[in-house]
Amino acid sequence: MKDQAIRIMFVCHGNICRSPMAEFILRDMLKKRGFSKRVTVASSATSTEEIWNGVGNPVYPPARRELALHGLSCEGKRAVQLTRADYDKYDLFIGMDSANIRNMYRILDGDLEGKIRKLMDYAGGGDVADPWYTGSFDVTYRDIEAGCLGLIEQELSKG
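Residues numbered from 1 in each chain as written. Predicted model: local features only at pLDDT ≥ 70, side-chain atom pairs only at ≥ 80, totals over all residues. Heavy atoms only, no water.

Draft legend 1. Inspection of the overall build of the chain at higher detail. If you tally the helices and strands in the chain, you get five helices and six strands. Along the chain, helices (α) and strands (β) appear in the sequence β-α-β-β-β-α-β-α-β-α-α when read from the amino end. Since a compact globule built from 159 residues should have a radius of gyration of about 15 Å, the 14 Å found for the chain is in line with a globular shape. C-alpha extents for the chain along the principal axes are approximately 40 × 35 × 30 Å. Burial analysis of the chain (159 residues in total) assigns 50% to the buried set. In the chain, the proportion of contacts linking residues at least 24 apart, taken out of those at least 6 apart, comes to 74%. (Helix = DSSP H or I, 4+ residues; strand = E, 2+ residues; numbered from the N terminus. Rg over C-alpha atoms; globule rule 2.2 N^0.38 Å. Buried < 20%, exposed > 50% of the residue type's maximum accessible area, 1.4 Å probe, protein only. Contact = heavy atoms within 4.5 Å.)

Draft legend 2. Spotlight on the side chain of Glu 66. Relative to the assigned elements, Glu 66 resides in helix 2 (residues 61-69). The side chain of Glu 66 sits in the buried core without any salt bridge; Arg 142 is the nearest counter-charge, 6.6 Å away. Discounting residues that sit within four places of it in the chain, Glu 66 has contacts with Met 21, Phe 137, Asp 138 and Tyr 141. (Lys, Arg positive; Asp, Glu negative; His and termini not counted. Salt bridge = Lys/Arg side-chain N within 4 Å of Asp/Glu carboxyl O.)

Draft legend 3. Fine view of the pairing of strand 5 (residues 92-95). Judged by which residues are buried, strand 5 turns out to be covered on both faces: Leu 92 and Ile 94 on one side and Phe 93 and Gly 95 on the other are all buried. Relative to strand 5, strand 1 (residues 6-12) is paired through four bridges, and the arrangement is parallel. Bridging from a neighbouring strand, Phe 10 pairs with Ile 94 of strand 5. Here strand 5 runs beside strand 6 (residues 116-118); their pairing, made up of three bridges, is parallel. From the neighbouring strand, Ile 94 faces strand 6, where its bridge partner is Arg 117. At this point the chain moves from strand 5, through helix 3 (residues 98-107), to the parallel strand 6, and the crossover so formed is right-handed. (Pairing = 2+ DSSP bridges. Right-handed = clockwise from strand over helix to strand, strands pointing away.)

Draft legend 4. The nonpolar core, seen in detail. Among the nonpolar cores identified, the biggest contains 37 residues, and Ile 8, Phe 10, Ile 25 and Leu 26 are the most heavily contacted of them. When residues of this core are traced back to their parent elements, those giving at least two are strand 1, helix 1 (18-33), strand 2 (39-45), helix 2, strand 5 and helix 5 (137-156). Residues within four places of Ile 25 in sequence aside, it is in contact with Leu 67, Leu 72, Tyr 141, Ile 144, Glu 145 and Cys 148. Judged by nonpolar contacts, the second largest core, of 12 residues, contains Met 9, Leu 82, Tyr 87 and Leu 108. (Core = buried A, V, L, I, M, F, W, Y, C linked by side-chain atoms within 4.5 Å.)

Draft legend 5. Representation of the sheet that holds strand 1. If you walk across this open sheet you meet the four strands as 2-1-5-6, and the pairing is parallel. Sheet topology places strand 2 and strand 6 at the edges, where each strand pairs with a single neighbour. The mean angle between the axes of side-by-side strands here comes to 25 degrees, regardless of whether they run parallel or antiparallel. Each of strand 1 and strand 2 is contacted by helix 1, which is oriented at about 170 degrees to strand 2, the strand it contacts most. (Axes fitted to C-alpha atoms, helices over the stretch in contact; angles between N-to-C directions.)

Draft legend 6. Expanded view of unusual backbone geometry. The phi angle at Asn 53 is positive, at roughly 50 degrees, despite the residue not being glycine. Mapped onto the fold, Asn 53 is located in the loop between strand 3 (51-52) and strand 4 (55-56). If you check the backbone angles, Asp 109 has positive phi at about 60 degrees while not being a glycine. Mapped onto the elements, Asp 109 comes out in the loop between helix 3 and strand 6.

Draft legend 7. Here's a closer look at the state of the cysteines. Throughout the structure, instances matching the rule amount to zero disulfides. With no disulfide of its own, Cys 12 lies closest to Cys 17 among cysteine sulfurs, the gap being 6.8 Å. Using a relative accessible area of 2% as the deciding quantity, one classes Cys 12 as buried. Take Cys 17: its relative accessible area is 4%, and that puts it in the buried class. (Disulfide = S-S within 2.5 Å.)

Right, dumping it as structure tokens:
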């Protein structure tokens, strides 16, 4: 793993399915590899649809169930919105699909330091389909898992 600490923000539309799944999947992978002290992982939304009066909704129940099937808990996680101020706090912003990427550029006022990536670019390309619409939380889990493995190999491992 690279010597310096790294801060990663996963981003999706509402921060109740894909990005929190990625947050907890990557945290688990890092813990198992002994990397968790050197990497900070968080997640956020490009929209405010899941945030009411400043309080975010919890992770969507089917996403929680899918994580639980793999022994992962997302207890206490609530949706938060990505802000321009986050750009200086994180080293990588990893979106789940092309729409997220466009909205990240808008919210973050561009990407002068080249911090914005798409998760599936670490696993052959494409988008992580939104399980809110597909209902396929197992497929989303597998895609995120593959993307996180690629992320560890390409960004966090020695090299």
